Amino acid sequence: MRPLLSKRLNAVAPSATLAVTEKAAALRAKGVDVISFGAGEPDFPTPAHIREAALKALRDGDTKYPAPVAGKTVLRTAVCEYLERFCGTKYEPADVIATVGAKDALYYAFASLLDPGDEVVIPKPYWVSYPDQVRLAEGSPVFVHDPDDELLKVGAREIESALTPRTRVVVLNSPNNPTGAVYSRDELQDIADLLRGKDIVIVSDEIYHRLIFGDRKFTSFSSLPGMMEQTLVVNGVSKTFAMTGWRLGFAAGPRWLVAAMAKLQGQTTSGPASFVQTAAAAALRGPQDDVAAMRTVYERRGERMAERLNAIRGVRCGRPQGAFYCFPDMSSVFERVGVHNADEFAEAVLDRVHVALVSGGPFGAPAHVRLSYSTSDAAIEEGLNRLSRLLA
Ligand code: PMP
Ligand code: GLU
């Protein structure tokens, strides 16, 4: 039978970040000594007290369908406390939905908000899944870019130039994947001033909010005056608490939107696993010292990776500000490796020196590559030794 796939699905690419992880794992299974700077996934184990909370939940028989569909009250209450504590915003449990990862919350948001042809403004470079999720929801991604900004951040001016009567959503992501840049309060304030009062929802992906370096401060977009009623904040436990495999995200925003997302969840996944929700509540409410310790380690690793990248002739990498990615422009070394773009470069590096990194192509930046430093110090040194030798 010929594959009877929808046009909608055919318009979507597989996740490049997950693909590189799978590729590295397949090579490892064959005995190849791969260093992976691929997927952004903490190398730390989930803190012990969170795992204990899950085990206790299982022992207590927390194994039924989670109810309500939008998330257990214990978790949604914990999310409200957590957002108040770390973002300075006051939500009620009815403003919150718990989802199967932040990824799921993002997709529900696009699917709830978009009709065919509705436009979503996405700053470029972008996290790989935004445009494809928008296309799955039959919306149209509209990219904005400021190539002159050293950290590739966009301002209100770029966003304004992309607004049309079809604009329904603007996506923001700070700290940023893939650039590692953090938007200042003033920069976000300018964007808020532009969008305030318009019929546009800001989807603010704040999943790296606790991974910020130096004396920088995190600003939640919904904490800006007037923005709470127009913003869907997306967050989760994957990065902050090293819980990627638990698949637990959450979103907080206008009640009409959260209710629509819950309706969608009720007709699709029915929500994240019940005992995982209980453990996530423990993560949000429990001791936060592991988070602080991991953040300190990431900061050191980021500095080291950037230093080693900058020591390679022709490579320029900014000092990491947050998240756990370096995103250097590699175009001046392509010729040295005999390649034409970042896709070919990433392939060549994996084939020749067994270092997995992600091409900037799927992030909308074909001169760049993304290296995640959520891996051990030893792996960073060895991976950079290999890259330095290849590019010598
Ligand atoms: N947003 C960004 C910017 C990400 O890097 C990721 C990857 N974890 C996600 C959302 C999704 O996170 P998860 O589904 O693991 O909660
Ligand atoms: N978000 C991480 C990344 O960008 C994990 C993979 C994924 O969810 O796509 O690498």
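Below: a short report on this structure. (Residues numbered from 1 in each chain as written. Chains lettered and ligands numbered in written order. Predicted model: local features only at pLDDT ≥ 70, side-chain atom pairs only at ≥ 80, totals over all residues. Heavy atoms only, no water.)

Remarks on the pattern of salt bridges
Filter applied, for reference: Any Lys or Arg side-chain nitrogen located within 4 Å of an Asp or Glu carboxyl oxygen qualifies as a salt bridge. Secondary structure follows DSSP: runs of H or I at least 4 residues long count as helices, runs of E at least 2 residues long count as strands, and numbering of each begins at the N terminus. Think of it in three bands: with a 1.4 Å probe and only protein chains considered, a residue is buried below 20% of the maximum accessible area for its type, exposed above 50%, and partly exposed in between.
Applying the stated criterion across every chain yields a total of 21 salt bridges. Glu187 serves as the salt-bridge partner of Lys153, at 3.0 Å between the closest nitrogen and oxygen. Residue Lys153 is located in the loop between strand E4 (140–144) and helix H7 (156–162), and its partner Glu187 is located in helix H8 (residues 185–195); the two are separated by 34 residues in the primary sequence. With a relative accessible area of 10%, Lys153 lands in the buried category. Overall, Glu187 belongs to the partly exposed group, its relative accessible area being 29%.

Brief notes about the site of ligand 2
Which entries qualify depends on this criterion: The cutoff for a nearby residue is simple: one of its non-hydrogen atoms must lie within 4 Å of the molecule or strand. Polar contacts, as counted here, are pairs of nitrogen or oxygen atoms within 3.5 Å of one another; within protein the pair requires one atom able to donate a hydrogen and one able to accept it, and residues that are adjacent in sequence qualify only if both atoms are side-chain atoms. With residues, only the protein chains shown are counted as cover, and all accessible areas are computed by Shrake-Rupley using a 1.4 Å probe. Under the convention adopted here, Pro, Cys and the residues Ala, Val, Leu, Ile, Met, Phe, Trp and Tyr are nonpolar, Asp, Glu, Lys and Arg are charged, and Gly plus all remaining residues are polar.
In the vicinity of ligand 2, the residues found are Ser15, Thr17, Leu18, Ala39, Gly40, Lys103, Trp127, Asn177, Lys239, Tyr325 and Arg370. In this structure, Lys103 approaches ligand 2 through a side-chain N or O atom, which is 3.3 Å from an oxygen atom. One of the side-chain nitrogen or oxygen atoms of Trp127 is found 3.0 Å away from an oxygen atom of ligand 2. Computed on the free molecule, ligand 2 has an accessible area of 280 Å², of which 88% lies beneath the protein chains in the complex. Tallied by class, the residues present in the shell around ligand 2 amount to four nonpolar, four polar and three charged.

Re the packing of helix H5 (residues 101–113) against helix H9 (residues 255–266)
What counts here: Here an angle of 0 to 180 degrees is reported between the N-to-C directions of two axes, which are lines fitted to C-alpha atoms, with helices fitted over the stretch in contact. Here the word oblique covers every angle except those under 35 degrees (roughly parallel), over 145 (roughly antiparallel) and from 65 to 115 (roughly perpendicular). Here a residue-residue contact requires only that any non-hydrogen atoms of the pair lie within 4.5 Å.
Between H5 and H9, the least distance of the axes is 9 Å, while the angle of their chain directions is 105 degrees. When the axes of H5 and H9 are compared, the pair comes out roughly perpendicular. Together, Asp104, Ala105, Tyr108, Ala109, Ala111, Ser112 and Leu113 of H5 and Trp256, Leu257, Ala260, Met261, Leu264 and Gln265 of H9 make up the contact between the two elements. Among the residues making up the contact of H5 with H9, the classes are represented as ten nonpolar, two polar and one charged.

Observations concerning the site of ligand 1
Taken together, 13 residues surround ligand 1, and among them Ala102, Asn177, Asp205, Tyr208 and Lys239 come closest. Taking Lys239, its side chain carries an N or O atom lying 2.4 Å from a nitrogen atom of ligand 1. Within the side chain of Arg247, an N or O atom sits 2.8 Å from an oxygen atom of ligand 1. For ligand 1, the accessible surface in isolation is 390 Å², of which the surrounding protein chains cover 94%. Among the elements that make up the shell around ligand 1, the one with the highest residue count is H5 (three residues).

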